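One-letter residues, chain by chain:
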Amino acid sequence: MNKRGDVSQVEDVVGFLWKILIMIVVFVVVFLLIRSHAKLEVDTFEAEADLFAFRMLYAKGALSYYDAEIDRVYPGVIEIEGFGSEEYMDSLENAIYYLDNSHIAAEISIVTEDGVDFGPIYFNEDYYRRWLPIARTFGTGPGAVRMKEKSFYVLLKDRRNVDKERLAYLQPTDREYDELMQKVGGEKHYGDTKTVPARMDMRILIPNS
Amino acid sequence: MGKRGQMQHELMITIFDLVLIGMLFLSLMGYVSSIQSMDFVKKEYLSKDLALLINTVYASPRDITVYYDSGISDFTFEFQNQRATVYETEVEKGEPTKVYYPFAIDRNIARQFAKIEGPDQIAISKSHDTLSIDESSVPTETEACPDVYTRDDDPTIMLDPGHGGTDTGYTGEVEEAQLVYDIAKQLEQVLPGTVVSTRELTLSKVSLAPDLSTEDRLGKIELHEPDMLVSLHCGKAQDSQEVIIYINYYNTQTVRNKKLACLIKNRFIEEFEGLDVRVRNIRPEQFGDPRRVLSTEGMPRAPVGVYIEMGNVNTPLDSSILASKGSLGMEGTGKIINDVIAPAIRQYYE
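What you are looking at is a predicted structure, and each value in this text was computed from that prediction instead of being measured. (Residues numbered from 1 in each chain as written. Chains lettered and ligands numbered in written order. Predicted model: local features only at pLDDT ≥ 70, side-chain atom pairs only at ≥ 80, totals over all residues. Heavy atoms only, no water.)

Enquirer: Could you clarify how one ought to interpret the nonpolar core in this entry?
Expert: Nonpolar side chains in soluble globular proteins tend to end up buried together. Residues and elements named next belong to chain B. Ranked by internal contacts, the top residues of the largest apolar core, which has 44 residues, are Leu232, Phe268 and Ile308. Those elements that provide at least two residues to this core are strand E9 (156–161), helix H3 (176–190), strand E11 (228–235), strand E12 (242–248), helix H5 (254–271), strand E14 (304–312) and helix H8 (335–349). The element contributing the most residues to this core is H8, with nine residues. Contact partners of Leu232, with chain neighbours within four places excluded, come to Asp160, Pro161, Gly162, Val180, Ile183, Ala184, Leu187, Ile308, Met310 and Ile341. (Core = buried A, V, L, I, M, F, W, Y, C linked by side-chain atoms within 4.5 Å. Buried < 20%, exposed > 50% of the residue type's maximum accessible area, 1.4 Å probe, protein only. Helix = DSSP H or I, 4+ residues; strand = E, 2+ residues; numbered from the N terminus. Contact = heavy atoms within 4.5 Å.)

Enquirer: Would you explain the packing of H3(B) against H8(B) in this entry?
Expert: Between two packed helices, both the angle of their axes relative to each other and the distance between the axes serve to describe the pair. All names here are of chain B. It is at 10 Å that the axes of H3 and H8 come closest, and there the two elements cross at 50°. Classified by the interaxial angle, the pair formed by H3 and H8 is oblique. Along this stretch, H3 crosses H8, giving a crossing that reads as right-handed. When H3 is examined against H8, the residues Ile183, Gln186, Leu187 and Val190 are found in contact with a partner set consisting of Ile337, Asn338, Ile341, Ala342 and Arg346. Taken together, the residues of the contact of H3 with H8 break down into six nonpolar, two polar and one charged. (Axes fitted to C-alpha atoms, helices over the stretch in contact; angles between N-to-C directions. Parallel < 35°, antiparallel > 145°, perpendicular 65-115°, else oblique. Left-handed = near helix turned anticlockwise from the far one by under 90°. Nonpolar A, V, L, I, M, F, W, Y, C, P; charged D, E, K, R; others polar.)

Enquirer: Explain the sheet that holds strand E4 (residues 99–102) of chain B to me, please; I cannot follow it from the model alone.
Expert: What holds strands together in a sheet is hydrogen bonding between their backbones, with the strands either parallel or antiparallel. Residues and elements named next belong to chain B. Spatial ordering of the open sheet is given by E4-E3-E2-E6, a layout of four strands whose pairing is antiparallel. Edge strands, defined here as strands with exactly one partner in the open sheet, are E4 and strand E6 (116–117). Relative to strand E3 (residues 83–88), strand E2 (residues 75–78) is paired through four bridges, and the arrangement is antiparallel. Opposite Phe75, over in E3, you have Glu88 as the bridge partner. (Pairing = 2+ DSSP bridges.)

Enquirer: Before we go on, may I ask you to explain the pattern of salt bridges in this structure?
Expert: Oppositely charged side chains can pair when the atoms bearing their charge come close. In total, this model carries 17 salt bridges over all chains according to the counting rule given. Note that Glu107(A) is salt-bridged to Arg203(A), the shortest N-O span being 3.7 Å. Taken together, the residues span a long stretch of sequence, with Glu107(A) in strand E3 (residues 105–112) and Arg203(A) in strand E6 (residues 195–207) at a distance of 96 residues. For the salt bridge of Arg151(B) with Asp153(B), the shortest nitrogen-to-oxygen distance reads 3.6 Å. With a relative accessible area of 66%, Asp153(B) lands in the exposed category. A cluster of three or more residues bridged by salt bridges with shared partners is formed by Glu46(A), Asp50(A), Lys148(A) and Lys150(A). (Salt bridge = Lys/Arg side-chain N within 4 Å of Asp/Glu carboxyl O.)

Enquirer: Looking at this structure, how should I read unusual backbone geometry?
Expert: Among all residues except glycine, the phi angle is most often negative; among peptide bonds, the trans geometry is most common. All names here are of chain B. One non-glycine residue, Gln82, adopts positive backbone phi at about 55°. Note that Gln82 resides in the loop between E2 and E3. Residue classification places Gln82 among the buried positions, given a relative accessible area of 9%. Its identity is not glycine, yet Glu225 carries a phi of approximately 45°, on the positive side.

Enquirer: In this structure, what is going on with the packing of aromatic side chains? I would like to understand it.
Expert: Between two aromatic rings, the relevant description is the distance of the centres plus the angle of the planes. Enumeration according to the criterion identifies 12 aromatic pairs over all chains in this entry. Between Tyr65(A) and Tyr74(A), the aromatic rings sit 5.4 Å apart at their centres with planes inclined by 25°, giving stacked as the arrangement. Of the two residues, Tyr65(A) and Tyr74(A), both sit in the buried class. Ring centres of Phe79(B) and Phe113(B) lie 6.4 Å apart, and the angle between their planes is 70°; this geometry places the pair in the edge-to-face category. (Phe/Tyr/Trp six-rings, centres within 6.5 Å; stacked < 30°, edge-to-face > 60°.)

Enquirer: Which parts of the structure should I look at to understand the state of the cysteines?
Expert: A covalent bond bridging the sulfur atoms of two cysteines is what the word disulfide describes. All names here are of chain B. All told, the structure shown has one disulfide over all chains when counted by the stated rule. Here Cys145 is linked by a disulfide to Cys262, with a sulfur-sulfur distance of 2.0 Å. Handedness of the Cys145-Cys262 disulfide follows from its S-S torsion of about -80°: it is left-handed. Of this pair, Cys145 sits in the loop between strand E8 (130–135) and E9 while Cys262 sits in helix H5, and the two are 117 residues apart along the sequence. Classification of Cys262 as buried rests on a relative accessible area of 4%. (Disulfide = S-S within 2.5 Å.)

Enquirer: Help me out: how do you make sense of the pairing of E2(B) in this one?
Expert: One face of the sheet, then the other: side chains in a regular strand alternate in exactly this way. The alternating pattern of E2(B) places Phe75(B) and Phe77(B) and Thr76(B) and Glu78(B) on opposite faces, both of which are buried. The turn linking E2(B) back onto E3(B) is made up of four residues, and Asn81(B) within it adopts a positive phi angle of 55°.

Enquirer: Even after reading the chapter, I still don't get the sheet that holds strand E7 (residues 122–126) of chain B, so can you show me in this structure?
Expert: All names here are of chain B. Strand order in the open sheet formed by four strands is E1-E7-E8-E5, with mixed pairing between adjacent strands. Strand pairing shows two members of the sheet lacking a second neighbour, strand E1 (64–68) and strand E5 (110–113), which therefore form its edges. Along the sheet, successive strands turn relative to each other by an average axial angle of 10°, direction set aside. In this sheet, E8 lies alongside E5 in parallel orientation, the contact comprising four bridges. Bridge pairing in E8 places Arg111 opposite Leu131.

Below, the structure written as structure tokens:
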């Protein structure tokens, strides 16, 4: 083959490479276009975080006061005696029990109107401490951890001052309760120490699957 | 290179180009096809949805039963090891791919989790000390209705036969508009109290009547201020024979709506053996026409209301209705009228 033939072969090879390169680019562009328009994952992070928080607050055996005698849960009324104790945490873990701990973790703390703090307590503490630094980065995708913070207004109740008849009236708003107490000649809600308004803060961490 | 060699060379290049384009095209088609079938996504969606639903049922402070029927009949469901696992009941070859999602149990509550294959409906039920997941069967027994005082000696009842005019509704063996119009005409004769209607009930054919929008119907409800609204409709499902009673769950009459729907449901179950009767709680504003007729937003006085979808137009419930092919005539009376709706309404006001 002469010199001209060699040049022609080089031109062919360069032409092939260009074609393959263009093909790859077209393939990737079309692939990304299809992928961007097709929803292939179901993102349940927000729903799952909310659900966990509400389960903490409403479920029997979780944070809210439960009267076993009449089988009644008082959602939003937190029994503060023993809050964070070993028995308390055992009870909480039994009420919301994941077989695989690496699914969800949370920190829960309570602060009263007067600034008195309770907690924090942790759900799945080991993973919480491991995940928190990851959640504070901006990472996304597999391996990343997402964080959600929620606050609830709750009433703190002390077991030593149980008054079931009055507790039943705590389900209405404070204003309704005060009006009711005035009607029946009872005490004002905010003058006694049986219940204390407070704010519960939850920080929930869920890793991306 | 000779002329022949040059041609062979160009032919090879062309074949190579075509092979490349073919490979690219086939790969993309395969990818698009896998997205189109969406089986994996559907399984992931179902497993997550069910796992979260189980968490929700556990979260309920009281006893609760939730029915799940969102396109699940092609799949098998398992709930072992705290995972909602979903896979195809039948696959053409090989083993089905299982997709699962974890849920949290309450260790203080006993569990009865069944393996469920190709269900129409799954029931997740929490009672005092047990959470059970099982295939839900069609309710065959009547249930206790809300015990709320509703006695009235002279109620005003408004009937709302659906569609009419140029709008025939669903058409099959019978026309929905004509069928429900005939039922309304006969109900007018047998109901207690004062009966009014969203459209005149004196015509032989409802196609002769003017069209009536949902706004027009709502206007008439507001004008007459009835105590009760009964909206009559039919479905079109080919294979299922079912009755769905919709109620507005978000107005001031919720408990009374539930009582009326429950009484009608019980009567349907008593009169039509094995019939699938369901009550669905809806927010009518979100459902759009024609169920929006149950909407009472902005009305000074909300009537008790039910929107009844009775069987379907291909196999209407009552044989006497089927025989008449959509025109009952005043002499034809069906079980729906005399044995279900009218007695249920009378019972409601007793």
